[in-house]
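Tertiary structure, described
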Amino acid sequence: MLWDYEQPVAIRFGNGRVREIKDVAADLGLTEGGLLVTSDHFVHDGTAARLVKESDGALAEVFSAFSPNPDVTEVDAAAAIIREKHLRFVVAMGGGSAMDLAKAAASIALTNDSIADYHGTGKPMPLDHLPLIAVPTTAGTGSEVTCVSVLTNRALGKKAPIVSDGFFPSVAIIDPELTYSVPPHVTASCGMDVLSQAIEGYWSKGHQPICDACAIHAAPLVFKYLPIAVAEPDNAEARQKMCEASVIAGLAFTLPKTTSSHACSFPLTNIHGIPHGEACGLTLDWFARINADAQHGRVQEFARAIGFDDVDAMADAIHDLKVKTGLRTGLKDLQLTESQIDDLVRISRHPNLYNNPVEITDDMLRDMYEHLAATD
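Residues numbered from 1 in each chain as written. Predicted model: local features only at pLDDT ≥ 70, side-chain atom pairs only at ≥ 80, totals over all residues. Heavy atoms only, no water.

1. Looking at the UniProt feature "domain: Alcohol dehydrogenase iron-type/glycerol dehydrogenase GldA" (unreviewed entry) in the protein chain
The criterion, for reference: UniProt positions are given in the numbering used here, feature names are shortened, and annotations may be inferred rather than shown by experiment. Labels follow the DSSP assignment, with helices taken as runs of H or I lasting at least four residues and strands as runs of E lasting at least two, numbered in each case from the N terminus.
In this structure's numbering, the residues bearing the UniProt feature "domain: Alcohol dehydrogenase iron-type/glycerol dehydrogenase GldA" (unreviewed entry) are residues 8-176. End C-alpha to end C-alpha, residues 8-176 measures 22 Å, and it is 28% helix and 24% strand.

2. Thoughts on the environment of Val75
Going by this rule: In this description, contact between two residues means that some pair of their heavy atoms is separated by no more than 4.5 Å.
Examined against the element boundaries, Val75 turns out to sit in helix α4 (residues 72-85). Placed 40 residues apart in sequence, Val75 and Ile115 show a C-alpha to C-alpha distance of 7.0 Å. Contacts of Val75, omitting those with residues within four sequence positions, involve Leu101, Ala104, Ala105, Ile108, Ile115 and Leu151.

3. Looking at the layout of surface pockets
Sizing a probe to match a water molecule and rolling it over the atoms shows the empty space that remains. For clarity, the cut-off: For each structure, a 1 Å grid was placed over the protein atoms alone; sets of points admitting a 1.4 Å probe that cannot get out are labelled cavities, open sets with protein on both sides within 12 Å along at least five of seven lines are labelled pockets, and lining residues have an atom within 4 Å of a point. Grid points are joined across faces, edges and corners, and a volume is the space filled by probe spheres set on the points. Lys, Arg, Asp and Glu make up the charged group, whereas Ala, Val, Leu, Ile, Met, Phe, Trp, Tyr, Cys and Pro make up the nonpolar group; the residues left over, Gly among them, are polar. Segment limits for the domains were obtained from an automatic or database-derived domain assignment.
In this structure, the second largest pocket occupies an estimated 210 Å³ of space. As for the second largest pocket, its lining consists of 13 residues, of which Gly157, Lys158, Lys159, Asn270 and Ile347 are closest to the centre. When residues of the lining of the second largest pocket are traced back to their parent elements, those giving at least two are β7 (158-163), α9 (260-272) and α13 (338-347). Sort the elements by how many residues they give to the lining of the second largest pocket and α9 lands first, with four residues. When the residues that make up the lining of the second largest pocket are grouped by side-chain class, the tally is six nonpolar, three polar and four charged. Both domain 1 (10-178) and domain 2 (183-373) contribute no fewer than three residues apiece to the lining of the second largest pocket.

4. A few points about the sheet that holds strand β4 (residues 89-94)
How we decide: Here, strands pair whenever DSSP counts at least two bridges between them. Axis lines are fitted through C-alpha atoms, for helices just across the contact stretch, and the angle between N-to-C directions can take any value from 0 to 180 degrees.
Ordered in space as β1-β8-β5-β4-β2-β3, the six strands form an open sheet in which the pairing is parallel. Each of the sheet's edge strands pairs with one partner strand only, and the pair in question is β1 (10-13) and β3 (59-63). Neighbour-to-neighbour, the strand axes of the sheet open up by a mean angle of 20 degrees, direction not taken into account. Direction of pairing for β1 relative to strand β8 (residues 171-174): parallel, over a ladder of four bridges. Bridge pairing links Phe13 to Ile174 in β8. Sheet contacts for helix α3 (residues 47-54): β2 (34-38), β3 and β4; angle to β3, the most-contacted strand, approximately 165 degrees.

5. Side note on a nonpolar patch on the surface
Stated formally: Like charges within 9 Å and nonpolar side chains (Val, Leu, Ile, Met, Phe, Trp, Tyr) within 5 Å are joined into patches, using only residues over 30% in relative accessible area that form no salt bridge. Accessible areas in this description were obtained via Shrake-Rupley with a 1.4 Å probe; residue shielding takes into account the shown protein chains only. Salt-bridge detection follows one rule: a side-chain nitrogen of Lys or Arg within 4 Å of a carboxyl oxygen of Asp or Glu. Exposed residues in this analysis have more than 50% of their type's maximum accessible area, buried residues have under 20%, and partly exposed residues fall in between, with area computed by a 1.4 Å probe over protein chains only.
Among the surface-exposed residues, Met1, Trp3, Tyr5, Ile210 and Leu255 lie close enough to one another that they form a single nonpolar patch of about 480 Å² accessible area. Residue position: Ile210 is located in helix α7 (residues 209-231). Residue classification places Ile210 among the partly exposed positions, given a relative accessible area of 33%.

6. Topic: the environment of Ala315
For Ala315, the location among the structural elements is in helix α12 (residues 311-324). Ala315 sits 29 residues away from Trp286 along the chain, and the two C-alpha atoms are 7.4 Å apart. If near-sequence neighbours (up to four positions away) are discounted, Ala315 is found in contact with Asp285, Ala288 and Arg289.

7. Some details on the packing of aromatic side chains
Counted only if it meets this: Only Phe, Tyr and Trp rings take part, Trp by its six-membered ring, and two of them pair if their centres are within 6.5 Å. Stacked means planes under 30 degrees apart, edge-to-face means over 60, and tilted covers everything else. We call a charge positioned over a ring when the NZ of a Lys or the CZ of an Arg lies within 6 Å of the ring centre and within 35 degrees of the ring normal.
Applying the stated rule across the entire model yields three aromatic pairs. Note on Phe223 and Phe308: the rings are 5.1 Å apart at their centroids and 70 degrees apart in plane angle, and the pair reads as edge-to-face. Of the two residues, Phe223 is situated in helix α7 and Phe308 in the loop between α11 (298-305) and α12; the sequence distance between them amounts to 85 residues. Classification of Phe223 as buried rests on a relative accessible area of 16%. Positioned over the ring face of Tyr202 is Arg298, at 4.1 Å from the centre of the ring.

Here you go:
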């Protein structure tokens, strides 16, 4: 077995560490010319203005004009500001959307191109990029330690990831206190994304020992602490442990890549508006049963390593976790037509699907979607 491991992101973890942005930037030799990419929520509640003030001039501009699934045009708009203002670094504070946009903008700003030229085209991204400091406010995407940016091109009806080593942040600051205000359903959806990343990273065809160890660490934290974080938003231990699970799950899947559940999540989100993590979790227990005996028993070993008797028990626990946290377990409410199921099958043939340890056929996808279409 041949494998390589590299993780270029410096990680700072702990309550209150968002106040270290200025110091982190200074350590990178950056005392001015920063762009803060964050959501309207943090602009309206005053958090963005406070961070700009506390930066003592390091942060010069704020960009918040982007949607929950950032569009290529929004990336280009951020990049235009970077060029126009001659900015020198980027701070991304938010969930996956802020991270995705900031990663792409920090790279494409050093060219005269549109990010659309690289979105789903196979054209490799230039590796030059501005330094990026990532500050997640959800325990979900793991994007603060990955080289992936998931973008949408609404004009073409396309959502797809771009992978580039230039997208790795220089530093990730994980401050669990920033997650306290996340609503319960968003907490649940993001947490299910964490679980999907850990499990899929483990069974991916690209699995390797260091990422396996991260997956085994992260997954049990989600089973234990996600229901608590959803029910008790101010529970400090649950929020901290979910942030721990999120960053370590990010390390678990970055190199092996995600597989079947993530592949199927894209049409579920793009066509039917199901939040990303909830869409991943919708099929995770189904694919667990399909993959149960793959890789000479590795998946069974994973289930036992995280405290279950076997994969069937783990799959049951995934289903129960969705019920406990108010996430959907079926698609019956959408009243899917045969044509819509055909579309889900067709669009699920995303490149991530081919990372799955068991070959997934169209008939297998159709069986799954027909089952979900009949399930509440």
